[in-house]
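Each chain, written out:
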Amino acid sequence: MNTSSPIRVRFAPSPTGYLHIGGARTALYNYLFAKINGGSMVLRIEDTDRKRYVEDSEKQLIKDLKWLGISWDEGPDVGGKYSPYTQSERTKLHRNYAEKLVSIDKAYYCFCDKERLQSIRSKHKGYDGHCRDIDTNKALERVISGEEHTIRFRSPKQGTTTVDDLIRKNITVKNKQMEDFVLFKADGFPVYHLAAMVDDHLMGITHVIRGEEWLSSIAKHALIIRAFGWSEPIWCHLSVLTQPDGKGKMSKRDAKTKEPGNKHSIFINDLNNKGYHPEAITNWMALMGWSLDDKQEDFKLVDLEKVFNLDRINPSPAAVNFSKLDYFQGKHVRQMSNSEVASSVQPFLMKAGIVPDQEMLLSLVPLIKNRIVTFEDSVEWLSFFFTKEIQISPSEFINKKTTKEETLVILQKVQLTLEQLPTFDHEGIESELRLLAEKMNLKLGQLLNPVRLATSGQKVSPPLFETLEILGENLVHSRIEKAIKLLENI
RNA sequence: GCCCCCAUCGUCUAGGGGACCAGGACGUGGGCCUUUCAAGCCCAAGACCGGAGUUCGAAUCUCCGUGGGGGCACCA
């Protein structure tokens, strides 16, 4: 390829489903490579398979990529000088190029129907070459007369084809392995192999960074390019992402097995809906198959744009590790400002039917900031602040360490202490309750646990003194009162 | 079955012939801190797939096994 030309890469998904971490990571690497080299990124939609087309997937795909922070310079939504970027709008071009291959004898028309292909499949490894030697003029006549046909590539029957991959060095395939594969389908659409190569060439793509699933057809692609006499792009095949246990390709089925409470999913949109931050996801994805060194693991997208490098991509498959996503997510939340967290958390509270007061929410954020992983987690930490009635089962107050009577005494004394406070703030609450625990000869925890339960309805809550202050004098009093009555009536 | 790719702690990885009785991160176990839960800090356990070469010397290079993965469509 011509190294003096500006770097151009492309992300070319097919709209057959929603964006998952495999595709997103490929898009990310393309994006980063373009960025660091001052090159251009192209988004091309490869929709030549009409059967698997999913209506809203293109729209969703664009939305998901943008949410992640990945942008492109040319694409169906923004246009560009190599327009159109939707492959189905380029079929005429593809047809012309396929016919050009026929005219130089690198391809031929094939009239075999599905039934015949089906019947030879068991006997032959691939296509048996039935139409390979039909006289060109006769074939053309049949095509003109409207006979249904495909166009097949005339693969060399001997020798080898060697292709250079940036991270895997030379890959050599025996040509006799390659059947005369279809370039152009009978339905009037090109096959990926043809369409992608033609478009890559026409769009001036210099580096093809794509998934390992394409590695096995790389020789076909090289052969097509060489048949046209074009220069090859630099190939870079990324390894597949495997299931968390390392067994088998990560698949959509894994996403379906997710239980209701499971926040993990391979789909970007799900991760968004569950309250993950895009920066945590890009950091996580970048490290699946790439690393800078043995020192730095925390990367914002802008950092990656400065240090990403194709040479440091690891060719071996990577298992998806969701606990590391959670780690990056938690870390990211802690780095955010309180107001940023507040506004990130807000939509999830709203979804749970909570309309928080802004000032109150802002004061709650520091209490949960290092306790939540996803933004959605905030709901279970905070809902008791906003619901009027909390449900408590009296049995929860009694445990091995504390009897019903002891609990009652604690609650009553705490109630009394709080009533006498000059101002209901956490400093005052803390010093008085610490004093009370000392006087009652109790550990702080023993004193506080029943209060926590009575006021939050939960055994686990944000730090209690601050919680009580924000809950407010009235609510605290009434909840403790209610708990006392509950206990008395057992 | 055929073709192709890959191989370091459970997982992601550093490593490019001596700097490696193999370093970091997540996770796990333990401890500290502590009002619960977290966060934070500290400590620990934990890997070069096997066998032949090459070499004074191999996690690193070569070959053969083995294991894992991907692909074999008028899908992408």
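Residues numbered from 1 in each chain as written. Chains lettered and ligands numbered in written order. Predicted model: local features only at pLDDT ≥ 70, side-chain atom pairs only at ≥ 80, totals over all residues. Heavy atoms only, no water.

**Quick word on the overall build of chain A**
Test applied: To qualify as a helix, a DSSP run of H or I must reach at least 4 residues; to qualify as a strand, a run of E must reach at least 2; elements of each kind are numbered from the N terminus. Every radius of gyration here is taken over C-alpha atoms, with the globule rule written as 2.2 Å times N^0.38, N being the number of residues. Contacts are assigned to residue pairs that have any heavy atoms within 4.5 Å of one another. Note on areas: these come from Shrake-Rupley sampling with a 1.4 Å probe, and a residue is covered only by the protein chains present in the view.
Along the backbone of chain A there are 20 helices and 11 strands. For chain A, the C-alpha radius of gyration of 32 Å lies well beyond 23 Å, the compact-globule estimate for 490 residues. Each principal axis of the C-alpha distribution contributes one length, and for chain A these read about 105 × 50 × 35 Å. Counting only contacts in chain A whose residues sit at least 6 apart along the sequence, the fraction spanning at least 24 positions is 72%. Accessible surface for chain A amounts to roughly 24100 Å². Of this, 50% is attributable to carbon and sulfur atoms.

**Side note on the nonpolar core**
Threshold: In these notes, a set of buried Ala, Val, Leu, Ile, Met, Phe, Trp, Tyr and Cys residues joined through side-chain atoms within 4.5 Å is what counts as a nonpolar core. The buried label applies to any residue whose accessible area, calculated with a 1.4 Å probe on protein chains only, is under 20% of its type's maximum; exposed applies above 50%, and partly exposed to all values in between.
Ile21, Leu28, Leu65, Ile281, Trp284, Met285 and Ile313 are the most contacted members of the largest nonpolar core, which has 51 residues in total. No other element matches the nine residues that helix α1 (residues 21-36) contributes to this core. Core analysis: the next-biggest nonpolar cluster, separate from the first, contains 48 residues, Met336, Leu408, Leu447 and Val476 among them.

**Looking at the sheet that holds strand β7 (residues 182-184)**
The cut-off we apply is this: At least two DSSP bridges between two strands are required for those strands to pair. Orientation is described by axes fitted as lines to C-alpha atoms, over the contacting stretch for helices, and by angles from 0 to 180 degrees between their N-to-C directions.
Reading across the sheet, the three strands line up as β3-β4-β7 and stay open at both edges, with antiparallel pairing between neighbours. Unpaired on one side and paired on the other, β3 (107-110) and β7 mark the two borders of the sheet. The mean inter-strand angle of the sheet, taken between neighbouring strand axes irrespective of direction, is 40°. Judged from the four bridges that link them, β3 and strand β4 (residues 150-153) form a sheet pairing that is antiparallel. Bridging from a neighbouring strand, Tyr108 pairs with Arg152 of β4. Contacts from helix α3 (residues 91-103) reach β3, β4 and β7 within the one sheet, and its direction differs from that of β3 by about 105°.

**A look at the side chain of Ser456**
We apply this condition: In the analysis that follows, any N or O atom pair within 3.5 Å is treated as a polar contact, provided that within protein one partner can donate a hydrogen and the other can accept it, and provided that, for residues neighboring in sequence, both atoms belong to side chains.
Locating Ser456 in the fold gives a position in helix α18 (residues 444-456). Given a relative accessible area of 3%, Ser456 falls into the buried group. Within the structure, the side chain of Ser456 is placed 2.7 Å from the backbone oxygen of Arg452, a separation counted as a polar contact. Reaching out from Ser456, the side chain makes a polar contact with the backbone nitrogen of Gln458 at a distance of 3.0 Å.

**As for unusual backbone geometry**
The omega torsion of the bond from Ser83 to Pro84 falls at 0°, within 30 degrees of zero and hence cis. Relative to the assigned elements, Pro84 resides in the loop between α2 (57-68) and α3. A positive phi is found at Lys169, a non-glycine position, where the angle reads about 60°. If you trace the backbone, Lys169 turns up in strand β6 (residues 169-174). The class for Lys169 is exposed, based on a relative accessible area of 64%. For Asn441, which is not glycine, the phi torsion reads 60° and is therefore positive. Residue Asn441 is classed as exposed on the basis of its relative accessible area, which comes to 71%.

**Some words on the domain arrangement of chain A**
Formally: Domain borders in the structure are assigned automatically or taken from a domain database. The buried area of a pairing is the accessible area, by a 1.4 Å probe, that goes missing from both parts when the two are put together, added over both. Think of a salt bridge as a Lys or Arg side-chain nitrogen and an Asp or Glu carboxyl oxygen that are within 4 Å of each other. For this scheme, ten residues count as nonpolar: Ala, Val, Leu, Ile, Met, Phe, Trp, Tyr, Cys and Pro. Four count as charged, namely Asp, Glu, Lys and Arg, and the remainder, Gly too, count as polar.
When its domains are assigned, chain A resolves into domain 1 (1-74 + 239-335), domain 2 (336-377) and domain 3 (394-488). Across the boundary between the two partners, domain 1 contributes 14 residues, which contact 13 residues of domain 2. Buried area between domain 1 and domain 2, summed over both chains or domains, comes out near 1100 Å², and the portion from carbon and sulfur atoms is 58%. The largest contributions to the domain 1 side of the interface with domain 2 come from Lys274, Val333 and Arg334, which together make up 42% of the buried area. With a shortest N-O distance of 3.8 Å, Lys263 and Asp377 are connected by a salt bridge. For the interface between domain 1 and domain 2, the tally reads five residue pairs in polar contact (both at pLDDT 80 or more). Listed by contribution, the elements that provide at least two residues to the side of domain 1 that touches domain 2 are α9 (268-273) and α12 (322-335). With seven residues, α12 is the single largest residue contributor to the side of domain 1 that touches domain 2. Considered class by class, the residues forming the side of domain 1 that touches domain 2 number two nonpolar, eight polar and four charged.

**Quick notes on helix α14 (residues 358-368)**
Test applied: As used here, the arc belongs to the directions running from the helix axis to the C-beta atoms.
Along α14, the positions that sit buried rather than exposed are Leu361, Leu364, Val365, Leu367 and Ile368. End-on view of α14: buried residues confined to an arc of 160°, all on one side of the axis. Summarising the contacts, the buried residues of α14 are in contact with α13 (338-351), α15 (378-386) and α19 (464-471). Residue Asp357 occupies the N-cap position of α14, its side-chain oxygen lying 3.2 Å from the main-chain nitrogen of Glu359.

**Digging into a negative patch on the surface**
We apply this condition: Exposure above 30% relative accessible area and the lack of any salt bridge qualify a residue for a patch; like charges then connect within 9 Å, and the nonpolar side chains Val, Leu, Ile, Met, Phe, Trp and Tyr within 5 Å. Neither His nor the chain ends is counted toward charge; the positive residues are Lys and Arg and the negative residues Asp and Glu. Where a charge lies is defined by one atom per residue type, namely NZ (Lys), CZ (Arg), CG (Asp) and CD (Glu).
A surface patch of negative charge is lined by Glu419, Glu473, Glu481 and Glu488. A total of three residues in the negative patch trace back to one element, the largest contributor, which is helix α20 (residues 473-488). Tracing the backbone shows Glu419 in helix α16 (residues 404-419).

**Concerning the pattern of salt bridges**
A complete count under the given rule lists 23 salt bridges for this structure. A salt bridge links Lys295 to Asp294; its shortest N-O distance comes to 3.3 Å. For the pair Lys295 and Asp294, a shared accessibility class is recorded, and that class is exposed. Between Asp298 and Lys331 there is a salt bridge whose closest N-O contact spans 3.1 Å.

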